[in-house]
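So you can see what is in the structure, the chains are spelled out below.
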2 protein chains.
Amino acid sequence: MATVQTSEAALDTLLNRGVVDAVVRTDLERMLQSGKPLRIKFGVDPSRPDLHLGHAVGFRKIRQFQELGHHVIVIIGDWTARIGDPSGRSDTRQMLSAEKVHANAQTYLDQMGKIVDVDKIEVAWQTSWFEDFSLEDVVRLCAKYTVNRMLDRDDFATRYKGGQAVSVVEFLYPLLQAYDSVAIEADVELGGTDQYFNFQVARDIMPAHGQPPQQFLTWPLLVGTDGTRKMSKSYDNYVAITDEPNDMYGKVMSLSDDVMRDYFETLTDIPVGVLDEMFGEMEAERRNPRDVKAELAREIVTQFHDEAAAGAAEAEFVRMFRQRALPTDIPEIPLDSALQEAQTIVDALIAANLATSRSDARRLVQQGGVRLDNTRITDTNTPYTAKPGQIFQVGKRKFGKVAG
Amino acid sequence: MATVQTSEAALDTLLNRGVVDAVVRTDLERMLQSGKPLRIKFGVDPSRPDLHLGHAVGFRKIRQFQELGHHVIVIIGDWTARIGDPSGRSDTRQMLSAEKVHANAQTYLDQMGKIVDVDKIEVAWQTSWFEDFSLEDVVRLCAKYTVNRMLDRDDFATRYKGGQAVSVVEFLYPLLQAYDSVAIEADVELGGTDQYFNFQVARDIMPAHGQPPQQFLTWPLLVGTDGTRKMSKSYDNYVAITDEPNDMYGKVMSLSDDVMRDYFETLTDIPVGVLDEMFGEMEAERRNPRDVKAELAREIVTQFHDEAAAGAAEAEFVRMFRQRALPTDIPEIPLDSALQEAQTIVDALIAANLATSRSDARRLVQQGGVRLDNTRITDTNTPYTAKPGQIFQVGKRKFGKVAG
């Protein structure tokens, strides 16, 4: 059997950098130093295949385990995705066809492959053990866990105490996810901090299945580009793994300063000592935050594309924003009847697909985020007449040019 | 299709005599008067086949439905009995073999046949629908019910609030029992008051399976011969359905006066008007409670045996207790070494198997319940010497005669 060599430095990075919880830390250290390749579990929800830098934080941690020689098993939650949420409580848990689930899983793995060596991972499908799971299996699984502990989970506790409904099936799902660990005999599970409770459930039930409790690591949930909420497609504060270099660079440059350090720690390999120095200089005002952010943007674009693309994106960004120039590739707005019939700037923004609703359009104008041919418009009643070649700008980075 | 005629009097007896809850009463009345034969569900736990008068209360209600022409479906909870209680919380839910479960079920039906026409019932085995129940079926079932409602159940609420464990599997069982109603398309379920919550769960989930909610009736849990706790084998306060006439008669005669009326209402057909008169005379002290109890004992022995047996049991009882004579058939106590070596009355009671422990023996003596050759012994240190033909009496009805 291959053995795994782990230096003190590698161990330190593995267990401390970009890590929130290491449970149980001393057991993890011992296992990682034992030389035995460990079975590393990572669960994937194939109903959400749109990945962003928040996922990349996890993928980078998975790669660290892979690089040390551990065996990574990616569990595709295909069974759960196909069932959806029959209580109808969750919008994100729609029932999906087997074909859709498989297509999503492939998309997920393709994106994961930008960071993780997917040729070396083992892919395990939940359905392979849940398809023939009998009622007796369910009963034995549920007998291993108490309602009391289930209701310790913050989410359940808050809703239960607040008189909001918690479906019995919601008690079943953490147990099924925990059973995944039994099915693959996981040594260590990896995931975001939102998985802490579920990972703990797995620890609790594994001994009843004759297995030692798994250890686990959680990583932080990355804050989105708005600097407040966690990165998520639904908050529109995300940098997609598949974003083009210019978009990716521009979105990173729109980050608020106070989350930069987290991005450096979780999304780059720059040593902590170097980061300390960099941020020390920034705080002493010997270094411009914008330059620090540019270094982050270059690092990230290089990872997902390459150095050349990062250099080009930077050049384009500098041209556009420092020099207030227009970007070189403005999307075209068709000069259709809707645009021609628009009476006001608000009508025009909707016709041009630059606002999602009248209230959105009004808000954008009132906040001073709208320019027409480089003139800022702040009155929502400003009359509008469509002309070929007209240039709309909404916010810092959204442009449109009327066709013709 | 056969139609069912229900007189006002029959309806009144069905819904009011020996009934605690009728849910929903108005719907039940309408259904019972519709002329349609109803599907009546009655669930049986084949892990407890020792039946007593408490069960007979229910069987009599079932017979009333049967006599009106309704279709009774007895569900044997064989699936649950075979699984037992995997959380290990319940002593009574040991895992049983399929053979044992089938033997128990047959014993149960044999005893039930003393009251119910078992040729006319349909026997349904839970396993026939739970054997192939998939994880998806479980998930869909659990999605129909909330943790909030589950924790409304008194038993769960008390334990949860008191910090005692409630296993997740305990939330599954009421849902499985409720699914039984779906499987057989029950119109009405019958059972003891302890089933109220479970019957309600069935009402709640049936509409999600495209069926109208079942109605239900509950009967009171009969108080045991001790006059305080519910009748149960484990409290040793029961009259078994299979008891011999003399035992059955004697046990009924040992009832406390204040539970007699419940026994008459739930275990005899004597009209309420007649009972009112009988108990009115007893309260006015124109009638001896012992005579009223003798009538009850005769009624009950006649039901489970016949009138001749009831008459003989009464004669024996009168001879023994009114005349303080010894019973005609005293069990023999072997004159073995243990008895010969007994030094005190306490030693002797244990050696003769008339007390379960030294503390039990001491308590019996101190309470004045022990006689040796018709002499009451109240000092626990009374010396004892074994003699052939010696007669022990413990309490009113336990006797033993030393062999030889």
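All values reported here derive from a predicted model rather than from experimental measurement.

*Asks:* Just give me the short version of the overall build of chain A, but keep the residues and values in it.
*Replies:* Tallying secondary structure elements over chain A gives 19 helices and 11 strands in all. Overall, chain A is about 75 × 50 × 40 Å in size when its C-alpha atoms are taken along their principal axes. Looking at chain A as a whole, 50% of its 404 residues are labelled buried. Contacts spanning at least 24 positions in sequence make up 68% of the contacts within chain A whose residues lie at least 6 apart. As displayed, chain A has an accessible area near 18800 Å², and 46% of this comes from carbon and sulfur atoms. Side chains of chain A carry 46 positive and 60 negative charges; the gap between the two charge centres is 4 Å.

*Asks:* Can you break down the pattern of salt bridges residue by residue, with the values?
*Replies:* For the coordinates displayed, the defined rule picks out 42 salt bridges over all chains. Salt-bridge contacts for Lys36 of chain B lead to Asp187 of chain B; the nearest nitrogen and oxygen are separated by 3.9 Å. Placement of Lys36 of chain B in the loop between α2 (25–33) and β2 (39–44) and of Asp187 of chain B in the loop between α10 (169–184) and β5 (188–192) is noted, with a sequence separation of 151 residues between them. Its salt-bridge partner being Arg140 of chain B, residue Glu136 of chain B comes within 3.1 Å of it at the nearest N-O pair. Residue Glu136 of chain B and its partner Arg140 of chain B are both found in helix α7 (residues 135–142); the two are separated by 4 residues, about one turn of the helix. On the basis of relative accessibility, which here comes to 32%, the residue Glu136 of chain B falls in the partly exposed class. Look at the salt bridges and you will find they share partners, linking Arg153, Asp155, Arg159 and Glu170 of chain A into a network.

*Asks:* How would you summarise the sheet that holds strand β9 (residues 375–376) of chain A if you had to cite specific residues and measurements?
*Replies:* In sheet architecture, strand pairing relies on hydrogen bonds along the backbone and comes in two forms, parallel and antiparallel. Residues and elements named next belong to chain A. Taken in spatial order, the 5 strands make up an open sheet running β7-β11-β10-β8-β9, and their pairing is mixed. Among the strands making up the open sheet, the edge pair consists of β7 (332–333) and β9. The pairing of β7 with strand β11 (residues 398–402) spans 2 bridges and is parallel. Bridge assignment links Glu332 to a residue of β11, and that residue is Lys401.

*Asks:* Residues and numbers for helix α19 (residues 358–366) of chain B, please.
*Replies:* Residues and elements named next belong to chain B. Restricting attention to buried positions, one finds in α19 the residues Asp360, Ala361, Leu364 and Val365. Angularly, the buried residues of α19 cover 130 degrees about the axis, an arc narrow enough to put them on a single face. For α19, the elements touching its buried residues are α18 (345–351), β8 (370–372) and β10 (391–394). Looking one or two places after α19, you find Gly368, whose phi comes out positive at around 80 degrees.

*Asks:* Break down the relation of the copies chain B and chain A for me, citing the residues and quoting the values.
*Replies:* Superposition of chain B onto chain A requires a rotation of 179 degrees combined with a translation of 0.2 Å along the rotation axis, giving an RMSD of 0.4 Å. Put plainly, the chains are arranged around a two-fold axis. No C-alpha of chain B approaches the rotation axis more nearly than that of Ser134 of chain B, which lies at 3.0 Å.

*Asks:* I'd like to hear about the side chain of Lys293 of chain B, residue by residue, with values.
*Replies:* Residues and elements named next belong to chain B. By secondary structure assignment, the location of Lys293 is in helix α15 (residues 289–304). Under the relative-accessibility criterion, Lys293 is labelled buried at 7%. One polar contact links the side chain of Lys293 to the main-chain carbonyl oxygen of Leu255, over a distance of 2.5 Å. Within the structure, Lys293 has its side chain in polar contact with the side chain of Asp257 (distance 2.9 Å). Excluding its chain neighbours within four sequence positions, the residues that come into contact with Lys293 are Val252, Met253, Leu255, Ser256, Asp257 and Met260.

*Asks:* Please provide a residue-by-residue account of the interface of chain B and chain A, values included.
*Replies:* Counting from both sides, the interface comprises 34 residues of chain B and, opposite them, 34 residues of chain A. Between chain B and chain A the total buried area reaches about 2900 Å² when both faces are included, carbon and sulfur atoms providing 75% of it. Where chain B meets chain A, there are 0 salt bridges. Taken together, the links from chain B to chain A amount to 12 residue pairs in polar contact (both at pLDDT 80 or more).

*Asks:* I'd like a rundown of the environment of Leu32 of chain A, residues and numbers included.
*Replies:* Residue and element names in this part refer to chain A. The topology assignment puts Leu32 in helix α2 (residues 25–33). Taking the C-alpha atoms as reference points, Leu32 and Leu14, 18 residues apart in sequence, are found 9.7 Å from one another. Excluding its chain neighbours within four sequence positions, the residues that come into contact with Leu32 are Thr6, Leu11, Leu14, Leu15, Leu38, Phe65 and His70.

*Asks:* Break down the packing of helix α13 (residues 260–267) of chain B against α15 of chain B for me, with residues and values.
*Replies:* Residues and elements named next belong to chain B. One way to put it is that α13 packs onto α15 with a least axis distance of 11 Å and a crossing angle of 30 degrees. Relative to α15, the element α13 is oriented roughly parallel. Regarding α13 and α15, the two cross each other, and that crossing is left-handed. Taking contact as the criterion, the partners of Met260, Tyr263, Phe264 and Leu267 in α13 are, on α15, Pro289, Val292, Lys293, Glu295, Leu296, Ile300 and Gln303. The residue makeup of the contact of α13 with α15, split by class, is 8 nonpolar, 1 polar and 2 charged.

*Asks:* Can you explain the sheet that holds strand β9 (residues 375–376) of chain B? Please cite residues and give values.
*Replies:* All names here are of chain B. Strand order across the open sheet formed by 5 strands is β7-β11-β10-β8-β9, with mixed pairing between neighbours. Looking at which strands have only one partner, the edges of the open sheet turn out to be β7 (332–333) and β9. Two strands pair when backbone bridges link them, and β8 and β9 are joined in this way by 2 bridges, in the antiparallel orientation. Across the sheet, Leu372 pairs through a bridge with Thr375, a residue of β9.

*Asks:* Give a detailed account of unusual backbone geometry, specifying residues and quantitative values.
*Replies:* Residue and element names in this part refer to chain A. Of note, the bond from Val23 into Val24 is cis; its omega dihedral lies within 30 degrees of zero at -5 degrees. A positive phi angle, close to 50 degrees, is found at Asp373, a residue other than glycine. Residues other than glycine seldom take positive phi values, yet Asn374 does so here, at roughly 70 degrees. Turning to its location among the elements, Asn374 is positioned in the loop between β8 (370–372) and β9.

*Asks:* Quick one: what's the story with the nonpolar core, residue by residue and with numbers?
*Replies:* If you look at the biggest cluster of nonpolar residues, it comprises 74 residues, and the most contacted ones within it are Phe171 and Leu175 of chain A together with Phe171 and Leu175 of chain B. Ignoring sequence-local partners within four residues, the contact set of Phe171 of chain A consists of Val147, Met150, Leu151, Phe156 and Val166 of chain A together with Val147, Val168 and Phe171 of chain B. Counting residues in each nonpolar core, the second largest holds 66 residues, with Val19, Leu190, Trp219 and Leu296 of chain B among its members.

*Asks:* Summarise the pairing of β2 of chain B; cite the residues concerned and give the values.
*Replies:* Residues and elements named next belong to chain B. The pairing of β2 with strand β3 (residues 71–76) spans 6 bridges and is parallel. Among the inter-strand pairings, Val44 is bridged to a residue of β3, identified as Ile76. Between the parallel elements β2 and β3, the chain passes through helix α3 (residues 53–67) in a crossover that is right-handed. Bridge analysis of β2 against β5 gives 3 bridges, and the strand direction is parallel. Bridge pairing in β5 links Lys41 to Glu189.

*Asks:* Residue-level account of the pairing of strand β10 (residues 391–394) of chain A, with values.
*Replies:* Residues and elements named next belong to chain A. Side chains Ile391 and Gln393 of β10 all project onto a buried face; the interleaved residues Phe392 and Val394 project onto the opposite face, where all are buried too. Where β8 lies against β10, 3 bridges are found, and the strand directions are antiparallel. In the sheet register, Val370 faces β10, and the bridge partner there is Val394. Direction of pairing for β10 relative to β11: antiparallel, over a ladder of 4 bridges. The partner of Phe392 across the bridge, within β11, is Gly400. Hairpin remark: β10 followed by β11, antiparallel, with 3 residues in the connecting loop; positive phi at Gly395, about 70 degrees.

How each quantity is defined
- Residues numbered from 1 in each chain as written.
- Chains lettered and ligands numbered in written order.
- Predicted model: local features only at pLDDT ≥ 70, side-chain atom pairs only at ≥ 80, totals over all residues.
- Heavy atoms only, no water.
- Helix = DSSP H or I, 4+ residues; strand = E, 2+ residues; numbered from the N terminus.
- Buried < 20%, exposed > 50% of the residue type's maximum accessible area, 1.4 Å probe, protein only.
- Contact = heavy atoms within 4.5 Å.
- Areas by Shrake-Rupley, 256 points an atom, 1.4 Å probe, with all protein chains shown as cover.
- Lys, Arg positive; Asp, Glu negative; His and termini not counted.
- Charge placed at Lys NZ, Arg CZ, Asp CG, Glu CD.
- Salt bridge = Lys/Arg side-chain N within 4 Å of Asp/Glu carboxyl O.
- Pairing = 2+ DSSP bridges.
- Arc of directions from axis to C-beta.
- Least-squares fit on C-alpha atoms with pLDDT ≥ 70 in both.
- Polar contact = N/O pair within 3.5 Å; in protein donor to acceptor, adjacent residues only side chain to side chain.
- Buried area = accessible area lost by both parts, 1.4 Å probe.
- Axes fitted to C-alpha atoms, helices over the stretch in contact; angles between N-to-C directions.
- Parallel < 35°, antiparallel > 145°, perpendicular 65-115°, else oblique.
- Left-handed = near helix turned anticlockwise from the far one by under 90°.
- Nonpolar A, V, L, I, M, F, W, Y, C, P; charged D, E, K, R; others polar.
- Core = buried A, V, L, I, M, F, W, Y, C linked by side-chain atoms within 4.5 Å.
- Right-handed = clockwise from strand over helix to strand, strands pointing away.

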